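The lines below spell out each chain.
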Amino acid sequence: MAFAIGLALSESELGSRALSEILRVRDLFGLLFFVSAGMLLDLPFLVAHLNLVLLLVTLVVVGKALILTAVTRLFRYGASRPFVVALALFQTSELSLVLARLGLENAAIDGHLYSLVITTALITMLLTPFVAQAAVPFYRWARER
């Protein structure tokens, strides 16, 4: 229903005005998400367990890279495309924040594991824009060779 309303609105004179209003609300929710996610970060935990956090971030990045490379190869993409996809999508999902909280509330995980999951997720989210920007120059470099 909402999709049909969006299609109808896009053809009307009010479409661009509605889009500008929606974009402002989207930006506001994005801001609220990242501020609240940043408030979840436990800096003393990060400092105390820096080696473990860096190891887990590395395992997440390598693990997702292997999975994404396998999937892109399965769809017969060759050359450097699988690596570029892995670079652009290596972060953990925002869903991991929700699942970690549910696990903590239901006593499925303890506070230490919760902090570890949250810290790892937030670090990968923080690194994603920088790594994704490196994907395009890498792709150009790999294509030339």
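What counts and how
- Residues numbered from 1 in each chain as written.
- Predicted model: local features only at pLDDT ≥ 70, side-chain atom pairs only at ≥ 80, totals over all residues.
- Heavy atoms only, no water.
- Helix = DSSP H or I, 4+ residues; strand = E, 2+ residues; numbered from the N terminus.
- Rg over C-alpha atoms; globule rule 2.2 N^0.38 Å.
- Buried < 20%, exposed > 50% of the residue type's maximum accessible area, 1.4 Å probe, protein only.
- Core = buried A, V, L, I, M, F, W, Y, C linked by side-chain atoms within 4.5 Å.
- Contact = heavy atoms within 4.5 Å.
- Axes fitted to C-alpha atoms, helices over the stretch in contact; angles between N-to-C directions.
- Parallel < 35°, antiparallel > 145°, perpendicular 65-115°, else oblique.
- Nonpolar A, V, L, I, M, F, W, Y, C, P; charged D, E, K, R; others polar.

S.K.: I would appreciate a short explanation of the overall build of the protein chain in the present structure.
M.R.: Assigned secondary structure in the protein chain consists of 7 helices and 0 strands. For the protein chain, whose C-alpha radius of gyration is 20 Å, the value lies well above the compact-globule estimate of 15 Å for 145 residues. For the C-alpha atoms alone, the extent of the protein chain along its principal axes is close to 55 × 50 × 25 Å. Put simply, the protein chain has 145 residues, and 25% of those count as buried.

S.K.: Explain the nonpolar core here, please?
M.R.: Side chains that are nonpolar tend, in soluble globular proteins, to be buried together. Core analysis: the largest hydrophobic core is formed by 8 residues, namely Ala 37, Leu 97, Ala 100, Tyr 114, Ile 118, Ala 121, Leu 122 and Met 125. Of all the secondary structure elements, the ones that give two or more residues to this core are helix H6 (95-105) and helix H7 (111-144). The element best represented in this core is H7, accounting for 5 residues. Residues contacting Ala 37, with those up to four places away along its chain left out, are Leu 97 and Leu 122.

S.K.: Sorry, what's going on with the environment of Leu 113 here?
M.R.: Secondary-structure assignment places Leu 113 in helix H7. A C-alpha to C-alpha distance of 22 Å links Leu 113 and Phe 33, two positions 80 residues apart in sequence.

S.K.: Could you clarify how one ought to interpret the packing of H6 against H7 in this entry?
M.R.: A packed helix pair is summarised by two numbers, namely the angle formed by the two axes and the spacing between the axes. Viewed as axis vectors pointing N to C, H6 and H7 meet at an angle of 175°, and their least axial separation amounts to 10 Å. Taken together, H6 and H7 sit at an angle that is classed as roughly antiparallel. Residues Ser 96, Leu 97, Ala 100, Arg 101 and Leu 104 of H6 pack against Gly 111, Tyr 114, Val 117, Ile 118, Ala 121, Leu 122 and Met 125 of H7. A class-by-class count of the residues in the contact of H6 with H7 yields 9 nonpolar, 2 polar and 1 charged.

S.K.: How should I be thinking about the environment of Tyr 114 in this particular structure?
M.R.: Inspection of the secondary structure puts Tyr 114 in helix H7. The exposure class assigned to Tyr 114 is buried, which follows from its relative accessible area of 11%. In sequence terms Tyr 114 and Phe 138 are 24 residues apart; their C-alpha atoms lie 35 Å from each other. Sequence-distant contacts of Tyr 114, defined by excluding residues within four places in its chain, comprise Leu 40, Ala 100, Arg 101, Leu 104 and Ile 109.

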